[in-house]
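One letter stands for each residue in the lines below.
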Amino acid sequence: MRSWVVSFLLVCAGAVDAQSLQFAELGECELESGKVIERCRVGYRVIGERNTAGDNVVLFPTWFGGTSEALVEVMAGGLVDTSRYQVVLIDALANGVSSSPSNNAAADSEFPVVTIQDMVDTQHRLATEVLGLDSVHAVVGISMGGMQTYEWGVRYPQFMQRLVPIIGSPRLGAYDIALWHSNLKAHEWFRSCQCADAIELMNAIGVLIGSTRGKIMADTSRGDVLDDIASRAASSPLSVSTSWNTTRQLQAMMRHDISNSLGDTMSAAADTLVAPLLSIVAGTDHVVVPEPAIAFADTDDSQVLVLDTPCGHGAVRCVTPKIAQAVNDFLDTPQ
């Protein structure tokens with residue numbers, strides 16, 4: 001599952017001068033559930049220089065299954081102008097770098113369920129306790145990183161000057177919940193059988209939803225499609241530990257709703273936002289459907305860019321220059 005998300009989102013471009021992976025050692029992280037992650041740590045990388053005023057920092061959390069290392073490639077595509085902004089790439093909880101089932105001292109299954117809110121809370125602690133920031137210029141994120149971006153807006157509304165969720169959602173629609181439930185079941189099957197068939201099923205689902213029907217039919221012949229799925233599965237190694245990582249992030253996305261603590265109304269969530277919001281969605285997205293983000297933009301009376309691309313959730317790979325132009329124009333606009 002992780003492999004096809006990464007393959008759709010990586011932008012193949014030149015290297016970016018980025019610091020090596022660093023860790024914020026946060027001690028105990030109390031979660032929304034009341035449970036605690038002991039020896040909690042958050043991975044991050046920094047690209048670019050902080051200006052004298054310290055007001056050019058952009059936080060950029062990872063997507064589902066993604067890492068800050070993979071995000072370096074996105075920065076190489078110019079998504080955020082790192083000659084002007086200092087970008088902090090942050091590994092979300094349960095991604096295998098920050099605190100996760102796979103690097104937890106206890107058994108994988110004992111790592112607690114986390115939420116998007118928990119991810120954002122640890123990122124806020126990184127920003128304030130480790131990086132010494134009392135505000136940032138913006139939060140930008142792709143896919144599950146976009147979900148975290150929305151959550152930043154309601155959780156810490158005064159902390160940033162701009163919000164840019166890209167192919168993300170303020171809360172999942174019924175389609176998304178059904179999709180991620182099917183993937184949860186596939187991972188349960190894998191942990192039970194530890195078999196190649198379960199991995200092949202995950203990759204078959206990835207092929208179906210990763211772009212669009214027309215693009216799949218244009219790019220892959222009838223005779224090749226099953227071989228393509230088998231090839232993807234063979235190049236997507238999975239262990240029980242990494243399956244638990246994926247499961248915890250899937251569960252976080254399925255619970256995601258920025259109105260959860262605000263009376264379950266999106267109008268209350270919109271009223272909570274302070275920073276200007278630019279939502280970028282793909283009209284053909286079958287991984288994170290665009291309707292909730294479009295509806296929220298209407299409720300919030302904020303900007304929304306609907307991308308017309310056959311690539312679906314892979315829009316960041318297919319129309320990088322258009323997205324980069326929109327993001328950087330928005331970040332540069334005086335408030």
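Up top is the structure these notes are about.
Residues numbered from 1 in each chain as written. Predicted model: local features only at pLDDT ≥ 70, side-chain atom pairs only at ≥ 80, totals over all residues. Heavy atoms only, no water.

Things to note about unusual backbone geometry
Definition in use: Strands are runs of DSSP state E lasting at least 2 residues, helices are runs of H or I lasting at least 4, and numbering of each runs from the N terminus.
In this structure, Ser 143 is a non-glycine residue whose phi angle is positive, near 60°. With respect to the element layout, Ser 143 can be found in the loop between β5 (136-142) and α4 (144-155). Although it is not a glycine, Asp 264 adopts a positive phi angle of roughly 60°. Within the secondary structure, Asp 264 sits in the loop between α9 (240-255) and α10 (266-272).

Let's talk about the environment of Gln 86
Stated formally: Any two residues whose heavy atoms approach within 4.5 Å are treated as being in contact. In the analysis that follows, any N or O atom pair within 3.5 Å is treated as a polar contact, provided that within protein one partner can donate a hydrogen and the other can accept it, and provided that, for residues neighboring in sequence, both atoms belong to side chains.
When you line up the elements, Gln 86 lands in strand β4 (residues 86-90). Sequence separation between Gln 86 and Ile 47 is 39 residues, and the spatial gap between their C-alpha atoms is 5.7 Å. Non-local contacts of Gln 86, meaning those with residues more than four positions away in its chain, are made with Val 46, Ile 47, Gly 48, Glu 49, Arg 50, Asn 56, Val 57 and Val 58. In terms of polar contacts, Gln 86 uses its side chain to reach the backbone carbonyl oxygen of Gly 48, at 3.4 Å.

As for α4
Note the cut-off: To estimate the expected span of a helix, count its residues, drop one, and scale the result by 1.5 Å. Each residue gets one of three labels from its accessible area relative to the maximum for its type: buried under 20%, exposed over 50%, partly exposed in between, using a 1.4 Å probe on protein chains only.
When the terminal C-alpha atoms of α4 are compared, their 16 Å separation across 12 residues agrees well with the 16 Å that a helix rising 1.5 Å per residue should span. Among the 12 residues in α4, 11 count as buried, and that is most of the element. Taken together, the buried positions of α4 are occupied by Met 144, Gly 145, Gly 146, Met 147, Gln 148, Thr 149, Tyr 150, Glu 151, Trp 152, Gly 153 and Val 154.

Looking at the pattern of salt bridges
Short version of the rule: Note on definitions: salt bridges are taken to be side-chain nitrogens of Lys or Arg within 4 Å of carboxyl oxygens of Asp or Glu.
Within the structure shown, the criterion is met by 8 salt bridges. Here Arg 171 ties to Asp 257 by a salt bridge, and the two come within 3.5 Å at their closest N and O atoms. You can see Arg 171 sitting in the loop between β6 (160-166) and α5 (174-193) and its partner Asp 257 sitting in the loop between α9 and α10, a full 86 residues away along the chain.

Examining a nonpolar patch on the surface
Put simply, the rule is: A patch consists of residues whose relative accessible area exceeds 30% and which take part in no salt bridge; residues with like charges are grouped when within 9 Å of each other, and nonpolar side chains (Val, Leu, Ile, Met, Phe, Trp, Tyr) when within 5 Å. Computed with a 1.4 Å probe, the accessible areas rest on the Shrake-Rupley method; for each residue, only the protein chains presented here act as cover.
A grouping of Ile 294, Val 304 and Val 306 is seen on the molecular surface, where their side chains present a nonpolar patch of about 200 Å² in accessible area. In this structure, Val 304 sits in strand β8 (residues 303-307).

Re the packing of α5 against α9
Note the following rule: Lines fitted to C-alpha atoms define the axes, with helix axes restricted to the stretch in contact, and inter-axis angles between N-to-C directions lie between 0 and 180 degrees. Here is the rule for angles: anything less than 35 degrees is roughly parallel, anything more than 145 is roughly antiparallel, 65 through 115 is roughly perpendicular, and the remaining ranges are oblique. Two helices cross in a left-handed way if the nearer one is turned anticlockwise from the farther one by less than a right angle. They cross in a right-handed way if the turn is clockwise. Note that Gly is not counted as nonpolar here; it falls among the polar residues with everything else outside the nonpolar set of Ala, Val, Leu, Ile, Met, Phe, Trp, Tyr, Cys and Pro and the charged set of Asp, Glu, Lys and Arg.
Where α5 contacts α9, the axes come no closer than 10 Å and their chain directions differ by 160°. By the angle between their axes, α5 is roughly antiparallel relative to α9. For the pair α5 and α9, the crossing hand works out as left-handed. Here Ile 177, Trp 180, His 181, Asn 183, Leu 184, His 187, Phe 190 and Arg 191 of α5 come into contact with α9, specifically with Val 240, Ser 243, Trp 244, Thr 246, Thr 247, Leu 250, Gln 251, Met 253 and Met 254. Grouping the amino acids of the contact of α5 with α9 by side-chain chemistry returns 9 nonpolar, 7 polar and 1 charged.

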